[in-house]
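# Reading the structure
Next come the chains, spelled out residue by residue.
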Amino acid sequence: MYLEKALSKGLELGADFVELREERSLGTIIRVVDGVIRELSSGDELRISVRTLYNGGWGFSVAGSEEELDEALKESFKMAKLSSKWSSKFEAYWPSFKGSYEVLGKEPAWEVPLERKIGILMDQHRIASSIKGVKNTNIHLVDSLRETRVINSLGTDTRQKISRVRISSYIFAHESGVTEAAFESKGGLGGIEIVEGAEVAEKAAKRAVEALSAVPAPPGKHRAILDPKLAGVFIHEAFGHAAEGDAVLNNESILADMMGKPVGAPSISVLDDPTIEGLYGSYRYDDEGTEARRKYIVKEGILSGYLTNLEVSKKLGTEPTGNARSMDFGNPPEVRMSNTFIEAGDWSFEEMLSEIKEGIYAIGSLYGYTDPAKGQFMFKAEGGWLIEGGELKKRLREVAITGMTLEVLHNVEAIGKELSHDPGSCGKKSQWVPVTTGSPHVMVSSIVFGGR
């Protein structure tokens, strides 16, 4: 009951709204580079986050225990009063939610001995390094248990206990002065069973070695097919961040005045859905306690919704979408994506290939840059294939794609029928949260390619 008493104390101080998030976080991070452990850490902490709102100004503080909660309330309210001098006022009233949710998996990862987890990474290294041409291996395992209870002064009271596990491999191959890289990962909600037996290092190693004998991609505009990994990262980075409601309010998004207008070809629809069972970016309640839901950002080419938290939904005049997320108890929730993906269409990959006389099939994603305010992007794909006469003819090494986000979406000609997802970690305002990108194969009439 001490959290409920703290809510009352916050209101007695004069706050318009009080939110408390009690959170226990525990987990392990292991990184093995070339068979040597370079990072090994674990933690188990319990904290209470305190947010207060006063005349449009927010205050945020963290208590390390029940005994520290009164002082954290005062500190949070003091900051809310100070920030209100430079904030726009709005009514602190939102829907409230109650409920609980739990996903632990068959074998919870935090109960698995460290030696066994290290063995999983060493097996990945051993398999990858045994492949001729592999120069370096970098294998990463992260598991976490996040247990939260969120209550607020409007009646929300939600509990959530989620276990996540993810393994990733970044493999470099080298031959005759040429170095190529490939990346592969697997993860989701559940226990250690998600990553045991995964072939992430072997798959990445084979693709990196295969690229050593590849030829550079011809620069310029090409008709192209993007594979699910590349198309998924594109829709997350180049478009999804522009659909985050705080960016819209701050005029940092090309989608600020586009609601209800065409932003892509009629064949393309984009969703954000935290409710999909087992995906790495899934949850039932966000970090403000709002129940998560499936929603279209783009429906048949038309911009249909922004992603919001409580404050942004109020200022945009919409309902909260359940996209308030924080990295941990030490950070306030921000508007973030969850599982963001392009909806499946009705084309097979073979049908797409047969449509292209000359073009490029781009695969994988290594890194990229986007500017949501200008709508520009640049991504480095792992590589690809040169398409000639409807067939894959020549293997291409690392290629870059660049251009304007909405132009590419309008150039979409076909969407594949097989949707796949990839786990990842998304950064924003120095906070990293687990997400999933997803897409089927996507064929575009024109996109700019560059070489190294």
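Calculation notes
Residues numbered from 1 in each chain as written. Predicted model: local features only at pLDDT ≥ 70, side-chain atom pairs only at ≥ 80, totals over all residues. Heavy atoms only, no water. Helix = DSSP H or I, 4+ residues; strand = E, 2+ residues; numbered from the N terminus. Rg over C-alpha atoms; globule rule 2.2 N^0.38 Å. Buried < 20%, exposed > 50% of the residue type's maximum accessible area, 1.4 Å probe, protein only. Contact = heavy atoms within 4.5 Å. UniProt positions renumbered as here; feature names shortened; annotations may be inferred. Core = buried A, V, L, I, M, F, W, Y, C linked by side-chain atoms within 4.5 Å. Axes fitted to C-alpha atoms, helices over the stretch in contact; angles between N-to-C directions. Parallel < 35°, antiparallel > 145°, perpendicular 65-115°, else oblique. Left-handed = near helix turned anticlockwise from the far one by under 90°. Nonpolar A, V, L, I, M, F, W, Y, C, P; charged D, E, K, R; others polar.

Under an unreviewed UniProt entry, the name given to the chain is Peptidase U62 modulator of DNA gyrase, and the organism recorded is Korarchaeum cryptofilum.

Now for the overall build of the chain. Within the chain one finds nine helices and 24 strands. Relative to the 2.2 N^0.38 estimate, which gives 22 Å for 452 residues, the radius of gyration of the chain is 23 Å and therefore close to what a compact globule would have. The buried share among the 452 residues of the chain stands at 55%. Counted over contacts in the chain with a minimum sequence separation of 6, partners at least 24 positions apart contribute 73%.

A word on the UniProt feature "domain: Metalloprotease TldD/E N-terminal" (unreviewed entry) in the chain. According to UniProt, the feature "domain: Metalloprotease TldD/E N-terminal" (unreviewed entry) maps to residues 18–80 in the numbering used here. Annotated as residues 18–80, this span is 19% helix and 67% strand, and its ends, taken at the C-alpha atoms, are 11 Å apart.

Mapped onto the elements, Glu311 comes out in helix α7 (residues 310–316). When the C-alpha positions of Glu311 and Ala92 are compared, they lie 8.2 Å apart, and in sequence the two are 219 residues distant. Excluding residues within four positions of it along the chain, Glu311 makes contact with Trp58, Phe90 and Trp94.

Moving on, we get to the nonpolar core. Of all hydrophobic cores here, the largest spans 45 residues; its most connected members are Phe239, Leu255 and Leu303. Of the residues forming this core, the biggest block, six residues, is contributed by helix α5 (residues 228–240). For Phe239, the residues in contact, after removing those within four places along its chain, are Phe234, Leu255, Val263, Ile297, Val298, Leu303, Thr405, Leu406 and Leu409. In terms of nonpolar packing, the next biggest core, distinct from the first, is built from 28 residues, Ala109, Ile131, Ala182 and Ala201 among them.

Two elements in contact, helix α3 (residues 114–129) and helix α4 (residues 200–212), have axes whose closest approach is 8 Å; the angle formed by their N-to-C orientations is 25 degrees. The orientation of α3 relative to α4 falls into the category roughly parallel. Both α3 and α4 take part in a crossing whose hand is right-handed. Residues Gln124, Ile127 and Ala128 of α3 form the contact with α4, whose participating residues are Val200, Ala201, Glu202 and Ala205. Here the contact of α3 with α4 is built from residues that sort into five nonpolar, one polar and one charged.

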